[in-house]
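# Examining the three-dimensional arrangement
These are the residues of each chain, in order.
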Amino acid sequence: MTLGTWFALCIALVAAAELVRALRHRAIRQERWRRFFRHRTTSWGLGILAFLIIVALAAPLIAPFDPNRQLDIVHLKNQAPSWTFLFGTDVLSRDVWSRTVYGARVSLGIGALGALLAVSLGTLVGALAGYYQRWVDAILMRGVDVGLALPRIFILLMAVALWDGLPFAALVLAIGLTSWFGTSRLVRAEVLSLRQRDFVVAARALGAGSGRVIFRHVLPNAAAPIIVSAALGVGNVLLLEASLSFLGIGIKPPDPTWGNMIADNASSIYTAAWSTLFPGLAISLVVMSLNAVADGVRDALDPRTDGP
Amino acid sequence: MLSAMLRRFHLTSFIFLAVAALAPAGCERRGGCTGPNCGTLIDAAVTEPPTLLPPSTEDIVANDIGEQLFLKLADVGMSTNTVGDEDFQPLLAQKWEWDGPLTLVFHLDPRARWQDGPRVTAADVEFTFNAYTDSAVGSPFRPKLHRIASVTQRDSLTTVFRFKEKYPEMFYDAVYHMRILPAHLLRPVPRDQWKTAAFGRQPVGDGPYRFVRWQAAQSIELVADSTFFLGRPGIRRLIWRITPNLQVAVQQAIADEADVREQLVTPDNVARARAAPQLSVYPFRGSVYTLLLFNLRASDDTTKPHPIFSDRTLRRALSMAVDRASLVKSALGDLGKVPPGPMSELLGIWDPDIRQLPFDTALAARILNGQGWRDHDGDGIRDKDGQPLAFHILVPTSSVLRRQYARLLQEQFRALGVHVEIDELEPSVVNQRAATGKFDTIILSRQNDPSPSSGIAQSWTRAGFGGSNFGRYYSADFEQLVDRAVTATSRDQARALWRRAMETVNADAPGVFLYALENVGAVHKRIENVQFRPDSWAALLRTWRIPPDRMIDRDRVER
Amino acid sequence: MMGAAWLLRRLVASIAIIFAVVTFVFILIHAAPGKPCAGQPEDVDPAVCAQLNRQFGLDRSIPEQYWRYVVALAQGNLGYSFSLRRPVADAIAETIPFTLQLAGAALLLDFLLGLGLGIYQAGRVNRLPDVIIGNATLFIYSLPTFWLALLLLLVFGEKLGWFPVGGASDPVFCPVVDSLYCVRDRLWHLVLPAATLGLVGAAGTARFQRAAMLDVATQDYVRTARAKGVPERRVVWRHQLRNALLSFITRFGLAFPFLLTGAVLIETIFAWPGMGRLAFEAILTRDYSLVTATALVASTMVVGGNLLADMLLGLADPRLRVRAGADVEALTA
């Protein structure tokens, strides 16, 4: 780590903290934001996520080494963490810190895009099924059942076979297309119960078209479980990516993702634990932060949880 | 209901009772085998063989188990010398003699018996040869037997081999490749169904061990034949335990749940095995080498030359850019060597002084510049006429070491301005692509026989097109040298010719010969008389022994 | 209304789903490149290759192969696996007990541990034990399963030696289960793989259960019961335990497919001879009949399990039939 990269890292930390502070400031004014920030963990979660996103965006400034450069394959292989190599080096003598920083880009990207695709699809299908009911519901939900009856790894493996190795876009698409089934069930249930409510009946009585009713009235009230599902979905996608890399299918080398860093160094897990520990911790950190934020969102949007 | 029951018995005490009920069962141990011929040997195997019928598979584990079940006529000794017949050990054949320059006569041991009763006869040998060379069986060993004209029986214990030509390794070809099969059991099976025959899952042989059971995806068990005519095996039971993950297989050996791990592969595993108190570590000459093979024909059309690799100068330049010694040091430490050609250390022709291309990135860069490959657009990749100098490396997902090498090579070529993409695909797809020539380069591992004559000819000559010569390398000089080397009359002459052949291949750079693995195996300390024959570690298993005073629990099981 | 009509409708729908799954898988695996010459890994003589393809009917068109497959299926013939050299039915039948053992044990651990932790946490909400367990469950939930597997193997298998390192049974003493000792042996081999799967599941269940119980605690009937002076414990046990069981059954439907064929990594690392590993290797070797048969068996078990779960739910609480899936978070693995 050079002076410049330390400086950039500190700036990222400060920026994330400031961002959270600014949002909390807004919390004073609005009820929902106040509820969002009620637990301290939510602030921490939000701060960590912000920090990771800033780090990912500013990767060239924060990473001292080229993440793919094999520095010295004979002498610098599997070095323990030090001041030069903050997280140590991996089996191919690459700087683990730099790879983790650059890996944030790909991992968070896959996570966000994959979850976005999955949630969008799931919401669409679930909303349609829940709103229109009857045969639309029956067909869509049977389709969902088919999708749920097969585990994802199965389908993804076959998808890999068709694509002969997965480039980034294909991986995101494949993950997104196979992860929406649970969300659709969730959204359907919510829509089912919401469509009886007064405001929906009123909207329809006033002559609003179905599309308008769904998007302007029903879905915003179903937002809580959707957002929570999205937040959790990102974590699931990250873990899925790690599993796929372990199986040998995933982002092509040499580009780092947290998942393929763990997979590539799995054989050194007992002798050079740092090369798998730090990307693993990064994934854990993201999942935990997302959960904290999801809890906050649930609190903010769902007035029922005024528990003891 | 549930709540009431839980109020009466605490859940915890319920669990406690259950465990207590089962615990005494743990004290129950069956068995009371005593004496020098007890013992159980567990091998932590990493793959499950597709079949145990010898001609139908080249799988390593199938070969190891085949060594215990089926006998060859004779086998190489520890020196693995394949020339002449002095260093060979008699097995099924008690003695032999030459009846003319092209005729070899074997006299079978009358004590040899199949495990279901009948004697082993010359009819079995004749049947075996016909099966191995039958194209309906499709045996991968078939090309290795092409110099034998016929095998016939003179009487029930005498079998006659006739060759097409005279060459130094006639005896080796006659005995090494075939395991003799029971004609009376296999004759009824249609030849084109041998690959899927039930016999392959329940084999009957004439060797030192008998087949007991095969639990799919779990284990294969053999038991010693105490009446084996060449001496009762020392260890009573052999169990191959199938554990797909190499690391976990090594862990089983370290945790004393397996007795043998014949290949530790990585320096980390070797270090851990050395640290385990109950294991001894045995290095032995490796029989496998790995290379980055260039495809000399276009990947989408094998009739057209490859845009990059059909050019010999380009191939040489690319080969010179790879620092093979550092790669070996990094990935394998002391457990590998840079091969002086397409060979492993097992081959007698291994000679570090064979002329090879040097590691010289400056020279490589100069050559590329001279050919017009320069970085015209400043993106770090050389290009010519608008085309970048780029290719793909194909590597199977099953091998951690080869995947590591793919990444190392990617970086080496990047330093030279060549863009490499790695395609990691499943082994079956990789093999299929290799066989049909749909690749730019591929990282392959090859296992050597003790003699170069079979493997090398198949892999690097025109006879191997559509076979193992995936890159379609052809050199008239090389083929001529190989022919002369195989038929050379004196060992020194053969060596000199093989050396020149290897130098020709090295100069033509059909690939980069990356590493030859030094095998290191781990065996439980209690086992005595451990000998690893370099070409087949399990060949001498029947001579391993466990002294009665060193037996542990699993040795005493008697069933 | 729970009746024969509902059951019949569900049965028909179930069969349709299974059929759709099998068709989908069939098309997918045949469309995948890499026709492997009937599964031979080594380079084979092209004549032999063609002959093998003829033998297994791989040289016909896809629709024709599909038709022949369906016809064979109707006759109860699952086909022949050319990568394993044995009938598909045999290969799959051998893995089913192991898969069920692993799934069953993992679900049991998931339910007991998750429920216990969730209830414990809800009873001490926002105090230190709750916070610690909450963070611990979140952490475990965020670990990649194969990392957890390798860790457990190292600690409990190698270093402490409490449990065996991989495998389903001791090949020396217990290749077949013929005594109480062998039963214990099987259980001991089951612990680590089931723990890996179950811990992650339990973490999810605990979080979910905690939230559900906090939810219920504020619902009217609980308040009423409290107001009436009914002992708190009775309220907790009867209503919430029952709800926990019911919601677990709902979520079990989502987790079941994963436990059946998605637990590939666990089965590979622990050398557990289950259906996941079988399916994975079948895909790798393009063993068409084995892949489609595995999909068939797995989806039958999943659909059957879901049907059973829905029946239980319907029996227990008619309300839940409508809101099936309402409280379900998308906790797919």
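Per the secondary structure count, chain A includes 14 helices and 0 strands. Element order for chain A, N to C, with α for helix and β for strand: α-α-α-α-α-α-α-α-α-α-α-α-α-α. The principal-axis extents of the C-alpha atoms in chain A amount to approximately 75 × 50 × 35 Å. Classification of the 308 residues of chain A by burial places 57% in the buried group. Long-range pairs, those at least 24 residues apart, make up 71% of the contacts in chain A between residues at least 6 apart in sequence.

Moving on to the overall build of chain B. Counting secondary structure elements, chain B contains 16 helices and 23 strands. For a compact globule of 559 residues, the expected C-alpha radius of gyration is about 24 Å, and chain B comes in at 27 Å, within 12% of that figure. Expressed as lengths along the three principal axes of its C-alpha atoms, the size of chain B is roughly 80 × 80 × 40 Å. Within chain B, buried positions represent 52% of all 559 residues. Nonlocal contacts in chain B, meaning residues at least 24 apart in sequence, comprise 67% of its contacts between residues at least 6 apart.

To continue, consider the interface of chain B and chain C. Contacts between the two partners involve 50 residues from chain B and, on the opposite side, 43 residues from chain C. Breaking the side of chain B that touches chain C down by element, the ones donating at least two residues are helix H1 (2–8), strand E1 (40–45), strand E8 (209–215), strand E9 (219–224), strand E10 (237–242), helix H7 (246–254) and helix H13 (427–436) of chain B. Of all the elements, H13 of chain B adds the most residues to the side of chain B that touches chain C, at 6 residues.

Residue and element names in this part refer to chain B. Relative to strand E21 (residues 441–447), strand E13 (residues 288–294) runs antiparallel, the two being bridged by 7 bridges. Looking at E21, one finds that Phe 294 is bridged to Thr 441. Summarising the sheet, strand E19 (residues 390–396) and E21 pair through 2 bridges and their orientation is parallel. Paired with Leu 394 across the two strands is Ile 442, which belongs to E21.

All names here are of chain A. Where helix H5 (residues 96–132) contacts helix H9 (residues 181–194), the axes come no closer than 7 Å and their chain directions differ by 40 degrees. Of the possible angle classes, the one that applies to H5 and H9 is oblique. Crossing of H5 over H9 shows right-handed handedness. On H9, the residues touching Ala 118, Val 119, Gly 122, Thr 123, Val 125, Gly 126, Ala 127, Ala 129, Gly 130 and Tyr 131 of H5 are Thr 183, Ser 184, Arg 185, Leu 186, Val 187, Arg 188, Val 191 and Leu 192.

A word on the sheet that holds strand E7 (residues 158–163) of chain B. Residue and element names in this part refer to chain B. Strands sit in the order E4-E5-E7-E6 across an open sheet of 4 strands; the sheet is antiparallel. Edge positions in the open sheet fall to strand E4 (93–98) and strand E6 (148–155), since each of these has one partner strand only. Geometrically, the sheet is characterised by an average inter-axis angle of 20 degrees between neighbouring strands, direction not taken into account. Pairing of E4 with strand E5 (residues 103–108) involves 5 bridges; the strand directions are antiparallel. Opposite Trp 96, over in E5, you have Phe 106 as the bridge partner.

It is worth spelling out the sheet that holds strand E16 (residues 336–337) of chain B at this point. Residue and element names in this part refer to chain B. With mixed pairing, the 6 strands of this open sheet are ordered in space as E16-E22-E13-E21-E19-E20. Of all the strands in the sheet, just E16 and strand E20 (419–425) have a single pairing partner and so form its edges. In terms of strand pairing, E16 meets strand E22 (residues 511–517) through 2 bridges, oriented antiparallel. Its bridge partner being in E22, Gly 336 is matched across the sheet by Leu 517. Contacting E13, E19, E20, E21 and E22, helix H12 (residues 400–415) runs over the sheet at an angle of about 170 degrees to E20.

Residue and element names in this part refer to chain C. An ideal rise of 1.5 Å per residue puts 20 Å on 14 residues; helix H5 (residues 128–141) measures up with 20 Å between its terminal C-alpha atoms. Within the span of H5, buried status applies to Gly 134, Thr 137, Leu 138 and Tyr 141. For H5, the buried positions fall inside an angular range of 100 degrees around the axis, keeping them on one side. Residues Leu 128 and Ile 132 are exposed on H5 and point more than 90 degrees away from its buried face.

It is worth spelling out helix H1 (residues 4–31) of chain C at this point. Its 28 residues give H1 of chain C an end-to-end C-alpha distance of 40 Å, which sits within 8% of 40 Å, the value for a rise of 1.5 Å per residue. Residues of H1 of chain C that are buried: Ser 14, Ile 17, Ile 18, Val 21, Val 22, Val 25, Phe 26, Leu 28 and Ile 29 of chain C.

Turning our attention to the environment of Gln 70 of chain A. Looking at the element boundaries, Gln 70 of chain A is found in the loop between helix H4 (59–62) and H5. Beyond its immediate chain neighbours, meaning those up to four positions away, Gln 70 of chain A contacts Leu 92, Ser 93 and Arg 94 of chain A together with Leu 408 and Glu 411 of chain B.

Moving on to the confidence of the model for chain B. Residue and element names in this part refer to chain B. Confidence in the prediction for chain B averages 89 pLDDT; 94% of positions are at 70 or higher. Taken as a whole, residues 24–28 scores under 50 in pLDDT and shows 7 contacts with residues more than four places along the chain or in a different chain. Predicted complex metrics record ipTM = 0.83 and pTM = 0.85.

The next subject is the environment of Ala 298 of chain C. Take Ala 298 of chain C: it is sitting in helix H12 (residues 288–316). Through-space distance from the C-alpha of Ala 298 of chain C to that of Gly 79 of chain C is 16 Å; in sequence the pair is 219 residues apart.

Here we come to unusual backbone geometry. Put simply, Pro 253 of chain A and Pro 254 of chain A share a cis peptide bond, and its omega is 0 degrees. In this structure, Ser 93 of chain A is a non-glycine residue whose phi angle is positive, near 60 degrees. Relative to the helices and strands, Ser 93 of chain A resides in the loop between H4 and H5. The phi torsion at Asp 385 of chain B lies on the positive side, around 50 degrees, for a residue other than glycine.

The next point concerns the environment of His 189 of chain C. Residue and element names in this part refer to chain C. Along the polypeptide, His 189 turns up in helix H7 (residues 180–217). Measuring from C-alpha to C-alpha, the distance between His 189 and Leu 284 comes to 27 Å, with 95 residues separating the pair along the chain. Once residues within four sequence positions are removed from consideration, His 189 is found in contact with Pro 164, Gly 167, Ala 168 and Ser 169.

Right, let's get into the packing of helix H6 (residues 134–149) of chain A against H1 of chain C. Two elements in contact, H6 of chain A and H1 of chain C, have axes separated by 9 Å at closest approach and are oriented at 55 degrees. Taken together, the axis directions place H6 of chain A and H1 of chain C in an arrangement best described as oblique. Regarding H6 of chain A and H1 of chain C, the two cross each other, and that crossing is right-handed. From H6 of chain A, Arg 142, Asp 145, Val 146 and Ala 149 of chain A reach across to H1 of chain C, where they touch Ala 13, Ala 16, Ile 17, Ala 20 and Val 21 of chain C.

Before going further, it helps to spend a moment on the pairing of E9 of chain B. Walk down a regular strand and you will see the side chains alternate between the two sheet faces. Residues and elements named next belong to chain B. When you tally the buried positions in E9, you get 5 out of 6 residues, the bulk of the element. Judged from the 6 bridges that link them, E8 and E9 form a sheet pairing that is antiparallel. Bridge pairing links Tyr 209 to Ala 224 in E9. Remark: 3 residues form the turn of the hairpin made by E8 and E9, two consecutive strands paired antiparallel; Ala 217 in that turn has positive phi of roughly 65 degrees. Relative to E10, E9 is paired through 5 bridges, and the arrangement is antiparallel. Within the sheet, the bridge partner assigned to Glu 221 lies in E10 and is Ile 239.

The rules we used
- Residues numbered from 1 in each chain as written.
- Chains lettered and ligands numbered in written order.
- Predicted model: local features only at pLDDT ≥ 70, side-chain atom pairs only at ≥ 80, totals over all residues.
- Helix = DSSP H or I, 4+ residues; strand = E, 2+ residues; numbered from the N terminus.
- Buried ≥ 20, exposed ≤ 12 C-beta atoms within 10 Å, placed from the backbone.
- Contact = placed C-beta atoms within 7 Å.
- Rg over C-alpha atoms; globule rule 2.2 N^0.38 Å.
- Pairing = 2+ DSSP bridges.
- Axes fitted to C-alpha atoms, helices over the stretch in contact; angles between N-to-C directions.
- Parallel < 35°, antiparallel > 145°, perpendicular 65-115°, else oblique.
- Left-handed = near helix turned anticlockwise from the far one by under 90°.
- Expected span 1.5 Å × (residues − 1).
- Arc of directions from axis to C-beta.
- pLDDT = per-residue confidence, 0-100.

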